[in-house]
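A structural walkthrough
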Amino acid sequence: MGRPDPEDPDEYRAQNIFWVPPEARWAHLKAQARQPTIGQLVDDAMAGLERDNPALKGVLPKDYARPALDKQRLGQLIDLISNIKVGDETSRAKDVLGRVYEYFR
């Protein structure tokens, strides 16, 4: 039996872990943070998460493309969050922020 495929959504679902499609991954959003379309990209990420994880259907906000939201500030916020360092390198590799979220859930 081979190693699990990290790009196979069923591998995640089998362990009750949400699948994050490529368009919803942080690295994708971070790389696009300075684009004027960042609001729509975040909305698309939320829609993709809901599409691929039925338990999230209708739960996530999808209003980041609204005209009143300053897209430059949204991009700056993404950059700011991207630069937060939680713990040492070993801790960051273990997804400390995700574990904190799970603890408070």
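Described in the following lines is the structure provided in the data block. Along each chain, residue indices are assigned from 1 in the same order as the chain's sequence is written. Restriction of local features to residues with pLDDT of at least 70 applies here, the model being predicted, together with a cutoff of 80 or more for giving and counting side-chain atom pairs; totals for whole chains, interfaces and linings are based on all residues. The side-chain quantities take in all heavy atoms of the structure and omit both hydrogens and water.

Any carboxyl oxygen of Asp or Glu within 4 Å of a side-chain nitrogen of Lys or Arg constitutes a salt bridge here. Inspection of the entire model under this criterion finds 8 salt bridges. Of the charged contacts in the structure, one is a salt bridge between Arg73 and Asp70, with a shortest N-O distance of 3.9 Å. Summary of the burial criterion: residues with accessible area below 20% of their type's maximum are buried, those above 50% are exposed, and those between are partly exposed, where the area comes from a 1.4 Å probe applied to protein chains only. By relative accessible area, which is 38% here, Asp70 ends up partly exposed. Through salt bridges with shared partners, one network takes in Glu23, Arg51 and Asp52.

Here we come to unusual backbone geometry. Of note, the phi angle at Asn16 is positive, near 55°, even though the residue is not glycine. Its location among the elements puts Asn16 in the loop between helix H1 (9–13) and helix H2 (26–31). We classify Asn16 as exposed; its relative accessible area is 75%. Helix and strand labels come from DSSP, where a helix needs a run of H or I of at least four residues and a strand needs a run of E of at least two; each type is numbered from the N terminus.

One less than the number of residues in a helix, times 1.5 Å, gives the span that helix is expected to have. Between its terminal C-alpha atoms helix H4 (residues 71–82) stretches 16 Å, which fits the 16 Å expected from 12 residues at 1.5 Å a residue. The complete set of buried residues in H4 reads Lys71, Leu74, Gly75, Ile78, Asp79 and Ser82. Summarising the axial view, the buried residues of H4 lie within an arc of 140°, below the 170-degree limit, and thus occupy one face. Pointing more than 90 degrees away from the buried face of H4 are the exposed residues Gln72, Arg73 and Leu80. Note on contacts: a residue pair qualifies if any of its non-hydrogen atoms lie within 4.5 Å across the two residues. The secondary structure elements touched by the buried residues of H4 are H2 and helix H3 (38–52). Under this definition, polar contacts are N or O atom pairs within 3.5 Å; protein pairs additionally need one hydrogen-donor-capable and one acceptor-capable atom, and for neighbouring residues in sequence, both atoms have to be side-chain atoms. In this structure Asp70 caps H4, since a side-chain oxygen of it lies 2.9 Å from the backbone nitrogen of Gln72. Regarding the arc, it is the one traced by the directions from the helix axis to the C-beta atoms.

Turning next to the nonpolar core. Buried residues of nine kinds, namely Ala, Val, Leu, Ile, Met, Phe, Trp, Tyr and Cys, make up a nonpolar core once their side-chain atoms join them within 4.5 Å. With 13 residues, the main nonpolar core has Leu29, Ile38, Val42, Leu49, Leu60, Leu74 and Ile78 as its most contacted residues. Those elements that place two or more of their residues in this core are H3 and H4. For Ile78, the contacting residues outside a window of four places in its chain are Trp26, Leu29, Lys30, Ala33, Ile38 and Val42.

Right, let's talk about the packing of aromatic side chains for a bit. When we look at a pair of aromatic rings, we describe it by the centre distance and by the angle of the planes. Pairing of aromatic side chains requires ring centres within 6.5 Å, counting the rings of Phe and Tyr and the six-membered ring of Trp. Pairs whose planes differ by under 30 degrees are stacked, by over 60 edge-to-face, and all others tilted. A complete count under the given rule lists 1 aromatic pair for this structure. Plain terms: the ring middles of Tyr12 and Trp19 are 5.3 Å apart, the flat faces sit at 55° to each other, and that makes the pair tilted.

Before going further, it helps to spend a moment on the packing of H3 against H4. Look at H3 against H4: their axes get within 9 Å of each other, and the N-to-C directions meet at 60°. Here H4 runs oblique to H3, going by the angle between their axes. Residue-level contacts link Ile38, Gly39 and Val42 of H3 to Lys71, Leu74, Gly75 and Ile78 of H4. Along the lines of polarity and charge, the residues of the contact of H3 with H4 split into 4 nonpolar, 2 polar and 1 charged. Lines fitted to C-alpha atoms define the axes, with helix axes restricted to the stretch in contact, and inter-axis angles between N-to-C directions lie between 0 and 180 degrees. Under this scheme an angle from 65 to 115 degrees is roughly perpendicular, one under 35 degrees roughly parallel, and one over 145 degrees roughly antiparallel; angles in between are oblique. Gly counts as polar in this scheme, as do all residues outside two lists: the nonpolar Ala, Val, Leu, Ile, Met, Phe, Trp, Tyr, Cys and Pro, and the charged Asp, Glu, Lys and Arg.

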